Amino acid sequence: MIHSRDVNLWYGRKQVLFDVTLDILANCTTSLIGPSGCGKTSFLRCINRMNDIIHSCRVSGEIRVGGIEVYSPKTDVVMLRKKVGMVFQVPNPFPKSIYENVAYGPMIHGKNDRRKLDAVVERSLREAALWDEVKDDLQKSAMELSGGQKQRLCIARALSIEPEVLLMDEPCSALDPIATAKIEDLINKLKEKYTVVIVTHNIQQAARISDYTAYFYLGKIIEFGKTSEMFEKPKEKSTEMYLTGRFG
């Protein structure tokens, strides 16, 4: 689903990614792990060109998502971000109703029929495991939800435009253990329909939810493979030291 070749990234004169080459399989969850500042989030943001909003950012190399060349001048960035949804570290619902939060994306893309919007809102909230909790309060302000509910609402909002890929940047870092468990259960279900790429600092979380793991260090991929194999018998000493908590 996602193929990157020799991806380099600079913020001004500072280079933060070095020749990142990685193949991410469809309908799997892939975790990006590594110490703070190692380039995980920078790489994640390359996939749907979120780094475009940073004036000093420059990217070289190639990234393809489902055959689309992400950094081609011909690529429609709006359509790319429809194909590649993103959920951020801190839940960021719009100061609107629950219904409007989920319906916003489809409306932007031209879907205005109320019955169709109703169906999209219900489908998305069901996929985000939130429907049963909010179905009687869809006109309630999203700002009144709990932290875990807000994050699941943001996931529903991302799913409402029917992406193929869902990027998640530490989606549980601001949540309590109960809310985190719900998000992890949700991720395990979402990969049946979507390709999920998640940045996480939680080693145990990566072990629980991911099929594949990429270990980043100092802007480079040190090791990539099946999560079970990497965690049981890492090939690189640096990976072993990070996984066993000896640094990072």
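Residues numbered from 1 in each chain as written. Predicted model: local features only at pLDDT ≥ 70, side-chain atom pairs only at ≥ 80, totals over all residues. Heavy atoms only, no water.

> Lay out the environment of Cys28 in plain terms, naming residues and giving numbers.
Position of Cys28 relative to the elements: it lies in the loop between β2 (14-24) and β3 (29-33). On the accessibility criterion, Cys28 (13% relative accessible area) is buried. For the pair Cys28 and Phe94, spaced 66 residues apart in sequence, the C-alpha separation works out to 29 Å. In this structure Cys28 touches Lys191, Tyr194, Thr195, Val196, Asp211 and Tyr212, once residues within four positions along its chain are discounted. (Helix = DSSP H or I, 4+ residues; strand = E, 2+ residues; numbered from the N terminus. Buried < 20%, exposed > 50% of the residue type's maximum accessible area, 1.4 Å probe, protein only. Contact = heavy atoms within 4.5 Å.)

> Which residues make up the packing of helix α6 (residues 147-159) against helix α7 (residues 177-190), and what values go with them?
At a closest axis distance of 9 Å, the pairing of α6 and α7 adopts a crossing angle of 20°. By the criterion of interaxial angle, the relationship of α6 to α7 is roughly parallel. Judged by the sense of rotation from one axis to the other, the crossing of α6 with α7 is right-handed. Along its contact with α6, which presents Gly148, Gln151, Arg152, Ile155 and Leu159, the element α7 presents Ala179, Lys182, Ile183, Leu186 and Leu190. (Axes fitted to C-alpha atoms, helices over the stretch in contact; angles between N-to-C directions. Parallel < 35°, antiparallel > 145°, perpendicular 65-115°, else oblique. Left-handed = near helix turned anticlockwise from the far one by under 90°.)

> Help me get a handle on the pairing of strand β10 (residues 220-226), residues and values and all.
Pairing geometry for strand β9 (residues 212-217) and β10, over six bridges, is antiparallel. The residue bridging Tyr215 from the neighbouring strand is Glu223, located in β10. Here β9 hands over to β10 after two residues, with Leu218 in that stretch at a positive phi of 50°. (Pairing = 2+ DSSP bridges.)

> Go over the side chain of Glu223 with me, naming the residues and quoting the values.
Looking at where Glu223 falls in the secondary structure, it is placed in strand β10. Lys235 provides the closest opposite charge to the buried, salt-bridge-free Glu223, at an N-O distance of 5.9 Å. In this structure the side chain of Glu223 is engaged in a polar contact, spanning 2.8 Å, whose partner is the side chain of Thr239. In this structure, Glu223 is in contact with Thr213, Ala214, Tyr215, Met230, Pro234, Lys235, Glu236 and Thr239, ignoring residues within four places of it in sequence. (Lys, Arg positive; Asp, Glu negative; His and termini not counted. Salt bridge = Lys/Arg side-chain N within 4 Å of Asp/Glu carboxyl O. Polar contact = N/O pair within 3.5 Å; in protein donor to acceptor, adjacent residues only side chain to side chain.)

> Can you break down the pattern of salt bridges residue by residue, with the values?
In the structure shown here, the tally under the stated rule is 13 salt bridges. Measuring nitrogen to oxygen at the nearest pair gives 2.9 Å for the salt bridge that ties Glu122 to Arg126. Remark: Arg126 and Glu122 occur in helix α4 (residues 114-127); sequence separation between them is four residues, near one turn of the helix. Judged by relative accessible area, Arg126 falls into the partly exposed class, the value being 48%. Among the ionic pairs, Glu127 bridges to Arg123, the shortest N-O distance being 3.3 Å. With Glu127 and Arg123 both in helix α4 and four residues apart, the pair spans about one turn of that helix. According to the relative accessible area criterion, Arg123 is partly exposed, its value standing at 22%. Via salt bridges that share partners, Glu62, Arg64 and Glu69 belong to a single interconnected network.

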